[in-house]
Amino acid sequence: MLCVVRQESRPPHLVVVKQFRPPTGKYTVELPAGLVDAGETFQQAALRELREETGFTGVITGHTGVQFLSPGLTNECVRTVTVEVIPPTRALCRLIFCRGEGVGSYTPCLH
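All of these numbers come straight from a predicted model, not from anything done at the bench.

A. Focus on helix H1 (residues 42–54). The end-to-end C-alpha distance of H1 is 18 Å, a good match for the 18 Å that 13 residues give at a rise of 1.5 Å each. Ala-45, Ala-46, Arg-48, Glu-49, Leu-50, Glu-53 and Thr-54 are the residues of H1 that are buried. Among the residues trailing H1, Gly-55 stands out with phi positive, at a value near 85°.

Here is the structure:
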């Protein structure tokens, strides 16, 4: 997901998450993402993952078609969803720890 936070008198912020990835043995900084659960649309999954990984809510402003990541090896595919994040009341540009997934979210300034 490309999630942007916009607030008056502040530059826009891109939401990213920091997660430990066992295959790498390291923390990575990524865009919020996740799997589509049975019975939900990719749009519903995007907003659910945004809430689970960051605590933020938002409105979908666009999306791509299906994108195959490595079609020579697998049928794994993704869609990129753009979300306008509803400005949180807490301060931006700081680490926010969320319950459940052990994910930290950052909102770095986009200037």
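B. Molecular detail of the packing of aromatic side chains. Within the structure shown, the criterion is met by one aromatic pair. A cation over an aromatic ring shows up here: Arg-79 above the ring of Phe-42, its NZ or CZ 4.3 Å from the ring centre.

C. Quick peek at the pattern of salt bridges. This model, assessed by the stated rule, comprises five salt bridges. Ionic pairing is found between Glu-40 and Arg-48, a salt bridge with its closest N-O pair at 2.6 Å. Pair check on accessibility: Glu-40 and Arg-48 agree, each one buried. The partner of Arg-48 in a salt bridge is Glu-49, with the nearest N and O atoms 3.0 Å apart. By the burial criterion, Arg-48 is buried, and Glu-49 matches it. Within the structure, one salt-bridge network assembled from shared partners comprises Asp-37, Glu-40, Arg-48, Glu-49 and Glu-52.

D. Looking closely at the layout of surface pockets. Here the largest pocket is characterised by a volume of approximately 610 Å³. Residue lining of the largest pocket: 19 residues in total, with Ala-33, Gly-34, Cys-77, Val-78 and Arg-79 positioned closest to the centre. Every element with two or more residues in the lining of the largest pocket is listed here: H1 and strand S7 (77–78). Among the elements that make up the lining of the largest pocket, the one with the highest residue count is H1 (four residues).

E. Structural context of the sheet that holds strand S2 (residues 13–14). Read across the sheet, four strands follow the order S2-S1-S8-S5 without closing on themselves; strand pairing throughout is mixed. This sheet does not close on itself; its edge strands, each paired only once, are S2 and strand S5 (58–63). By the bridge criterion, four bridges tie strand S1 (residues 2–5) to strand S8 (residues 81–85) in an arrangement that is parallel. Bridge pairing links Val-4 to Glu-84 in S8.

F. Fine view of the nonpolar core. Met-1, Cys-3, Val-5, Val-15, Ala-46, Leu-50, Phe-56, Val-81, Val-83 and Val-85 form the largest nonpolar core, which has ten residues in total. Looking at this core, the elements with two or more residues in it are S1, H1 and S8. Beyond its immediate chain neighbours, meaning those up to four positions away, Met-1 contacts Leu-31, Pro-32, Ala-33, Ala-46, Glu-49, Leu-50, Val-81 and Val-83.

Definitions and cut-offs
- Numbers given for residues are sequential positions, taken from 1 along each chain in its written order.
- Local features in this predicted model are restricted to residues of pLDDT 70 or higher, and side-chain atom pairs are both shown and tallied only at a pLDDT of 80 or more, whereas totals for entire chains, interfaces and linings draw on every residue.
- Side-chain metrics rest on all non-hydrogen atoms present in the structure, leaving aside hydrogens and water.
- Labels follow the DSSP assignment, with helices taken as runs of H or I lasting at least four residues and strands as runs of E lasting at least two, numbered in each case from the N terminus.
- Between the first and last residue of a helix there are one fewer steps than residues, each counted as 1.5 Å, and that sum is the expected span.
- Relative accessibility decides the category of a residue: with a 1.4 Å probe and only protein chains considered, values under 20% of the type maximum give buried, values over 50% give exposed, and everything between is partly exposed.
- Two rings from Phe, Tyr or Trp (for Trp, the six-membered ring) form a pair when their centres sit within 6.5 Å of each other. Planes less than 30 degrees apart are called stacked, planes more than 60 degrees apart edge-to-face, and all others tilted.
- Only Lys NZ and Arg CZ are tested; either one counts as a charge over a ring when it is within 6 Å of the ring centre and within 35 degrees of the ring normal.
- Salt bridge, as applied in this entry: a Lys or Arg side-chain nitrogen positioned within 4 Å of an Asp or Glu carboxyl oxygen.
- Within this scheme a cavity is a closed region of a 1 Å grid, computed over the protein atoms alone, that accommodates a 1.4 Å probe without allowing it to escape, whereas a pocket is open but has protein on both sides within 12 Å along at least five of seven lines; lining residues each have an atom within 4 Å of a point.
- Grid points are joined across faces, edges and corners, and a volume is the space filled by probe spheres set on the points.
- Between any two strands, pairing holds if DSSP finds at least two bridges.
- Only buried Ala, Val, Leu, Ile, Met, Phe, Trp, Tyr and Cys residues count toward a nonpolar core, and they belong to the same one when joined by side-chain atoms within 4.5 Å.
- Note on contacts: a residue pair is in contact if any heavy atoms of the two residues lie within 4.5 Å.

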